[in-house]
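Examination of the molecular architecture
Spelled out, the chains give:
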Amino acid sequence: MQHTLTRRSVLAGLGALGAAASFGRPRTSRADVEGPRFLIVLGASGGASLLDAMLAIRESETSNPDTLNCFPDALVQDVEGSPFRAVDQSFDALGPIPMPFTATQSELVARHHANMMVATVTGTSVNHSVAQRRAVTGNEAWHGRTLQEVVAMQHGEGAILPNVHLVPGVGFAARGTDATLPDACFAEVVADPALWPLALDGVLGTKHPVEREALAAARALRNETLDPLSRFHAAFAASPKIQRWESLRGVSQQQVETARLINQLIVHADGPDHPLAAHGLQSSPDGQLVRDAFPMYATDPLHAQAALAFLLLKNRVSVTVTIGPDFSASIDGELVPGQGLPEGAVANPPIAFDFSHQSHRAAQAFMWERVLSVADGLIGLLQQTEWQNGESMWDRSMIYLATDFGRAKTRPAGATDFGSGHDLNNGIVVISPLVKGNTVLGGVDRDTGLTYGFDPVSGAADPGRTMTEEEIFAGLTQALGIDTGGELPNVPAMSA
Amino acid sequence: MSLDRITFALLLLGVAGCRDRGGDAAVASDASDDASTTAADPSGDSGTTGAPDEPKQAASLRASVKRKAPDVYARDLSRALGLGTDELCLELSQYDCTSSHRIALGGVDPYDRAVYEPLAEPGISSPLAIDRIALSACGERVTRDLAGEGLVFAELADGTASADDRAAIVDRLVLRLLRRPAEPHELEAIAALADDPNIPDARTWGQLACFAIATTLENVFY
């Protein structure tokens, strides 16, 4: 019998090949992934300058080697097979902080360059809070919604707490202004990753616990009789605050308690500082995994955030998390007169990347190492976590290294230690299989240090333009599979 | 008669006129509130307590309420239950609950976390944190009273709670926590919680009666 190749049979065959390929071999690059996508906003607070990282300029390449923020040639590493650069440096001190450290960006960039994208952008505010907010709203590009809120809206179905902010007090964790979004899209704010999980249950771990059914009876008394029949309620029931509170005590609270999230999200191990077993609690089944990935979880707020962030994603509690260093200094070490602080004593300098005002080179080097290391840890965990059918969670995740703005492009003539101010002109870094990896969209003028833009459709570099916050926001939403109904610019250049 | 004496006499008459229940002093503004409520309610039908034999409460035109700041809630609970604010609730027996969940409770933390303003909206952990604090504090008061202090739950000393005992305790709890006498329907409903099959004993009833009142909207907001 002669077989005739039909279009249907060819397509069926190709489909079978595709299905076979997905089993046991994770996909590493595609933008058309079905199902939810996960967003990690890693806020590089203070202004992470791309000239001190992936777009670094060598002294030999510029006509202004003495006054431009550029580096001795030997310090700028090319990352093989990629358009990225990396600056590896060692310092005797972190500016005025007497602590030596070494920053090796090249190792981290080399490891993830295949999924790394740099896109240039010029912002619109040199105010930290405003600029940070604009980095996640595209300068209010889409009804004032934040990127995290739209991800929660699009991909958060089934997630109990789809949007969680683990770093309050920064503009990256701002609440959007679109009140028409479902309440669940707005972020749950976590101030203390170590103890917040305890507030996900009304009775577990308390000093005088009661049986859950007894507590339910008391809550029912309160919710169904005491409150609704009170004069206070009669007077103020129309208050949005009251209604919100009543809503929070309803179905969502039941879901949180029923899911026993408290037992899934405790990072710390049982011990003197966290006597979990003595209080009927337990560390997360993945507690050891995240403690190993982020060993400073007990003292470094960013490690604590990252550890909990992974647990939230892995346990399908959230689809978007926001983490990042804030402006608080984190120091854990003894200052020895004449010797300074031991290496590693400072987890976070005051004002994070903005410490560049004091000492630009050291602050940028230290903080780039810090945020890239945390990103590296999260990527490793997500890569080893299966989503389904052999596909990893990383295959559908994005780390958006958001930042306020860039830093000044110039320096005092010949200076190697100098302060820098804010500069609107900069770029963003995204690490994700969902974006065009191993790519720099746009470029940098090596005589001025100013970045320039790209064609939003083709991705071709365009020295005659810069990109707006709205365009970057639009590109990210496209890569994340957000249906914007055509209300945002079309920027397919950023998608894989 | 001097102006001072006239004023004093008028004050006495006003206070006497406000008392509508024997024993504990009623809220002084009850009479004026009833008058203004009636006056502001032309339809006579907007707002109600739901209890048929009790005066109606009109809905507030603006319904402007605020959530108690965490330290205010803790202080009120502390005073109501005769406990130090550091005795109300400790996470893992070490970390003060009010401090641990400060941001969720509507507070600020400008020094360590750069949170200069309260969150615009409470999160899912906000009412749960209140529940934890109240459950712990009420449990502590019951425990101490059963050990002999007898401040709120003296009637439970023998492990039982008669109808009169429950009424007295509820009245005392509402007065302490909400700073007003209990309404008849509240007395009845809270006492009846003891008959719920999920309430195993008088001690648990006492703790949860306290909890239910301490976590009402009236005690969380103002």
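This text goes with the structure placed above it.
Looking at the sheet that holds strand S2 (residues 76–78) of chain A
Residues and elements named next belong to chain A. Pairing is antiparallel across the open sheet formed by three strands, whose spatial order is S2-S3-S4. Since the sheet does not close on itself, it has two edges, and those belong to S2 and strand S4 (101–104), each with one partner. Neighbour-to-neighbour, the strand axes of the sheet open up by a mean angle of 25°, direction not taken into account. Sheet topology note: the S2/strand S3 (residues 85–91) ladder contains three bridges and is antiparallel. Residue Asp78 lies in a different strand from S3, and its bridge partner there is Arg85. Contacts from helix H2 (residues 105–112) reach S2, S3 and S4 within the one sheet, and its direction differs from that of S3 by about 155°. Of the strands in this sheet, S3 and S4 touch helix H11 (residues 360–383), which is tilted by about 65° from S4.

Observations regarding the packing of aromatic side chains
All names here are of chain A. Taken as a whole and judged by the stated rule, the model has six aromatic pairs over all chains. With a centroid separation of 5.0 Å and 10° between ring planes, the pair formed by Phe91 and Phe101 is classed as stacked. Of this pair, Phe91 sits in strand S3 while Phe101 sits in strand S4, and the two are 10 residues apart along the sequence. The same class applies to Phe91 and to Phe101, which are both buried.

Digging into the interface of chain A and chain B
Of the residues lining the interface, 65 residues belong to chain A; the matching set on chain B comes to 68 residues. Taken together, the two surfaces of chain A and chain B that pack against each other cover about 5800 Å², and 66% of this comes from carbon and sulfur. Per-residue buried area on chain A facing chain B is highest for His208(A), Arg231(A) and Trp245(A); these three make up 15% of the total on that side. Counting across the chain A and chain B interface gives six salt bridges. Between Arg113(B) and Asp192(A) there is a salt bridge, and its shortest N-O distance comes to 3.9 Å. Counting across the chain A and chain B interface gives 21 residue pairs in polar contact (both at pLDDT 80 or more). Looking at the side of chain A that touches chain B, the elements that each hand over two or more residues are strand S7 (188–189), helix H5 (212–226), helix H6 (231–236), helix H7 (240–248) and helix H8 (251–258) of chain A. Considering every element that reaches the side of chain A that touches chain B, the biggest residue donor is H5(A), with 10 residues. The class makeup of the residues in the side of chain A that touches chain B is 34 nonpolar, 14 polar and 17 charged.

A word on the packing of helix H5 (residues 125–146) of chain B against helix H8 (residues 202–214) of chain B
Residues and elements named next belong to chain B. Remark: H5 packs on H8, axes separated minimally by 8 Å, with the N-to-C direction vectors making an angle of 140°. Here H5 lies oblique to H8, going by the angle between them. Every pair of crossing elements has a handedness; the one defined by H5 and H8 is right-handed. Where H5 abuts H8, its residues Asp131, Ala134, Leu135, Cys138, Gly139, Val142, Thr143 and Leu146 lie against Arg203, Gly206, Gln207, Leu208, Cys210, Phe211 and Ala214. Of the residues assigned to the contact of H5 with H8, the class counts are nine nonpolar, four polar and two charged.

Cut-offs used in this document
- Residues numbered from 1 in each chain as written.
- Chains lettered and ligands numbered in written order.
- Predicted model: local features only at pLDDT ≥ 70, side-chain atom pairs only at ≥ 80, totals over all residues.
- Heavy atoms only, no water.
- Pairing = 2+ DSSP bridges.
- Helix = DSSP H or I, 4+ residues; strand = E, 2+ residues; numbered from the N terminus.
- Axes fitted to C-alpha atoms, helices over the stretch in contact; angles between N-to-C directions.
- Contact = heavy atoms within 4.5 Å.
- Phe/Tyr/Trp six-rings, centres within 6.5 Å; stacked < 30°, edge-to-face > 60°.
- Buried < 20%, exposed > 50% of the residue type's maximum accessible area, 1.4 Å probe, protein only.
- Buried area = accessible area lost by both parts, 1.4 Å probe.
- Salt bridge = Lys/Arg side-chain N within 4 Å of Asp/Glu carboxyl O.
- Polar contact = N/O pair within 3.5 Å; in protein donor to acceptor, adjacent residues only side chain to side chain.
- Nonpolar A, V, L, I, M, F, W, Y, C, P; charged D, E, K, R; others polar.
- Parallel < 35°, antiparallel > 145°, perpendicular 65-115°, else oblique.
- Left-handed = near helix turned anticlockwise from the far one by under 90°.

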